[in-house]
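Topology and contacts: notes
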Amino acid sequence: PTEVSARRDEVKEVLGNLLENARNAEARTIRIRVGDATMAVEDDGHGLPAEDLPKIFEPRFSTTTSGSGLGLAIVRRLVEGWGARVEVESVAGRGTTVEIRWRAAELAASPSS
């Protein structure tokens, strides 16, 4: 397995924010996948319309009236601080997948020259 770098308290904060988003989306099923230099949270909640995806990491953007809109902005800041990146795929009415990929995963996936 590939070793990656992340602070324990920050991982807890990232997962907490992603799980809270899934709960707010009324997900019935939430799956956490941990792979070689990747981590993903998948849910079957409301999902997001395509037009909202470019805005989700902006501070104060929220699809709920109860949220502060800071959760995904914090997630992105922490993840990038680890030298990783965060990607989101979502389909309205079907759910959302948030994947965190460390650089080691990108290097392993690229064909060698």
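Described in the following lines is the structure provided in the data block.

1. With respect to the overall build of the protein chain
- Scanning the protein chain from terminus to terminus reveals three helices and four strands.
- Against the 2.2 N^0.38 benchmark of 13 Å for 113 residues, the protein chain shows a C-alpha radius of gyration of 14 Å, consistent with a compact globule.
- Taken over 113 residues, the protein chain has a buried fraction of 36%.
- Of all intrachain contacts in the protein chain linking residues separated by at least 6 positions in sequence, the fraction that spans at least 24 positions is 52%.
- When the accessible surface of the protein chain is split by element, carbon and sulfur atoms take 48% of a total near 7300 Å².
- When the 15 basic and 18 acidic side-chain charges of the protein chain are each reduced to a single mean position, those positions are 2 Å apart.

2. Quick word on the pattern of salt bridges
- By the definition in use, this model includes 10 salt bridges.
- Two residues, Arg31 and Glu42, come together in a salt bridge whose shortest N-O distance is 3.8 Å. Taken together, the residues span a long stretch of sequence, with Arg31 in strand 1 (residues 30–35) and Glu42 in strand 2 (residues 38–43) at a distance of 11 residues.
- For Arg31, a relative accessible area of 48% puts it in the partly exposed group.
- One salt bridge in this structure joins Asp52 and Lys55, with 3.5 Å as the shortest N-O distance.
- The buried category is assigned to Asp52, whose relative accessible area is 13%.

About the thresholds
Residues numbered from 1 in each chain as written. Predicted model: local features only at pLDDT ≥ 70, side-chain atom pairs only at ≥ 80, totals over all residues. Heavy atoms only, no water. Helix = DSSP H or I, 4+ residues; strand = E, 2+ residues; numbered from the N terminus. Rg over C-alpha atoms; globule rule 2.2 N^0.38 Å. Buried < 20%, exposed > 50% of the residue type's maximum accessible area, 1.4 Å probe, protein only. Contact = heavy atoms within 4.5 Å. Areas by Shrake-Rupley, 256 points an atom, 1.4 Å probe, with all protein chains shown as cover. Lys, Arg positive; Asp, Glu negative; His and termini not counted. Charge placed at Lys NZ, Arg CZ, Asp CG, Glu CD. Salt bridge = Lys/Arg side-chain N within 4 Å of Asp/Glu carboxyl O.

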